[in-house]
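Given next are the chains, with one letter for each unit.
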Amino acid sequence: MTHVEQARRRAARGAGAPVGVLGFLGELFLTLGVVVALFVVWQLWWTGIGPVRDAKEQVAQFYAHVAPAAPEVVASAELRTDDVPEVAQVAHGQTLGVLVVPAWAGKTENRMPIVEGVTPDVLDRAFAGHYPQTATPGGLGNFSVAGHRRSYGNSFLHVPDLVAGQPVVVETAETWYVYRVTGHELVTPDRTDVVAPVPGSPGALPERRLLTMTTCHSVRYGAFGNDHRWVVRAELEGWLPRSAGTPDVVAEMEAA
Amino acid sequence: MWTWIFRHLPGPAVVRALLVVLVMLAATLALFTWVFPWVAAQWPGLVGRPDVAAAALGGPAA
């Protein structure tokens, strides 16, 4: 092969060494693009696998340690509204009970453990985290929980389903507490007053028994954003001792 | 990069192609197991937090 031929070939290929560098850079940028896409896959899918298993285990452990609820609904198991039993505060990481959301049956894990704390070690395990400074289930004031919307198990993904009138049930070792959704609001993440005993009026003395659920929300990106919080409001409808049966809303959910 | 790896792997083209796929899968697993959790811990804004207190406190869970 003559020098002329070699030069011609090199010319046809481009310019020798720079092609190698450009090719390397091209591959590098493509790879970086794929890595960014993989990060999204990791966050939306992978982060949910372990936590959902954790949450199911936690719920199973809870049920293993409490007496099973009387399966038969005795005389339709009327909810009581008098003498609401109090639940003691628990330490960080301890389980308070189980959050049962009938509207989420068949969509996501609709029985999730309610664990003390709203730090990543609790929330990133697909648990509903209880705001430590707020009331306990059934308590006077504002029993408040937080849960991830789209990542780490998608616990509260279907939060828009919780329209006024939907039941939200909290099951503790002794008692069922049945709440009814009264509405929701979208707030910025710094609005800690949404979990105050009287929402919106920090410092005021509570007279009602409320439940608040907070999760991620974005005005522009919905479940995929984090610039706001979706806040569900509910109020206690009544309670039932586990020994007296299962509340109608839970029995209906299980029968469906 | 991948061309370089492909060129430096031993064996016939089919074997090398399979090896490259294996390298890619191993890299993905390493990203999922170690790199992404670390990245998420460094830049909390990347992973949304569902609670209201965190941002107000300016803590790591923004």
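Residues numbered from 1 in each chain as written. Chains lettered and ligands numbered in written order. Predicted model: local features only at pLDDT ≥ 70, side-chain atom pairs only at ≥ 80, totals over all residues.

### Let's talk about the interface of chain A and chain B
In this assembly, 33 residues from chain A lie in contact with 17 residues from chain B. Contributions of two or more residues to the side of chain A that touches chain B are made by helix 2 (17–65), helix 3 (120–123) and strand 7 (209–217) of chain A. Per-element accounting of the side of chain A that touches chain B gives the leading share, 11 residues, to helix 2 of chain A. (Contact = placed C-beta atoms within 7 Å. Helix = DSSP H or I, 4+ residues; strand = E, 2+ residues; numbered from the N terminus.)

### What to know about the domain arrangement of chain A
Segmentation of chain A into domains returns domain 1 (3–46) and domain 2 (49–255). Taking the mean C-alpha position of each, domain 1 of chain A and domain 2 of chain A sit 51 Å from one another. (Domains from an automatic or database assignment.)

### Details of helix 2 (residues 13–42) of chain B
Residues and elements named next belong to chain B. With 30 residues, helix 2 should cover 44 Å at 1.5 Å per step; its first-to-last C-alpha distance of 41 Å lies within 8% of that length. By the largest-angle criterion, L31 marks the main kink of helix 2, which is about 45°. The buried fraction of helix 2 amounts to two of the 30 residues, a small share that puts the element mostly on the outside. (Expected span 1.5 Å × (residues − 1). Bend = angle between axes of the 7 residues up to and from the residue. Buried ≥ 20, exposed ≤ 12 C-beta atoms within 10 Å, placed from the backbone.)

### A few points about the sheet that holds strand 3 (residues 128–130) of chain A
All names here are of chain A. One closed barrel holds the eight strands; their spatial order is 1-2-3-4-7-8-6-5, and the pairing between them is mixed. Sheet twist, expressed as the mean angle between neighbouring strand axes with direction ignored, is 30°. Where strand 4 (residues 141–146) meets strand 7, six bridges bridge the pair, whose relative direction is parallel. Residue N142 lies in a different strand from strand 7, and its bridge partner there is L210. (Pairing = 2+ DSSP bridges. Axes fitted to C-alpha atoms, helices over the stretch in contact; angles between N-to-C directions.)

### A word on the nonpolar core
Residues and elements named next belong to chain A. L99, M112, I114, F127, V169, Y177 and V232 are the most contacted members of the largest nonpolar core, which has 54 residues in total. Of all the elements, strand 8 (residues 228–241) adds the most residues to this core, at seven residues. In this view, F127 contacts A55, Q58, M112, P113, V115 and V122; residues no more than four positions away in its chain are not counted. (Core = buried A, V, L, I, M, F, W, Y, C linked by C-beta atoms within 7 Å.)

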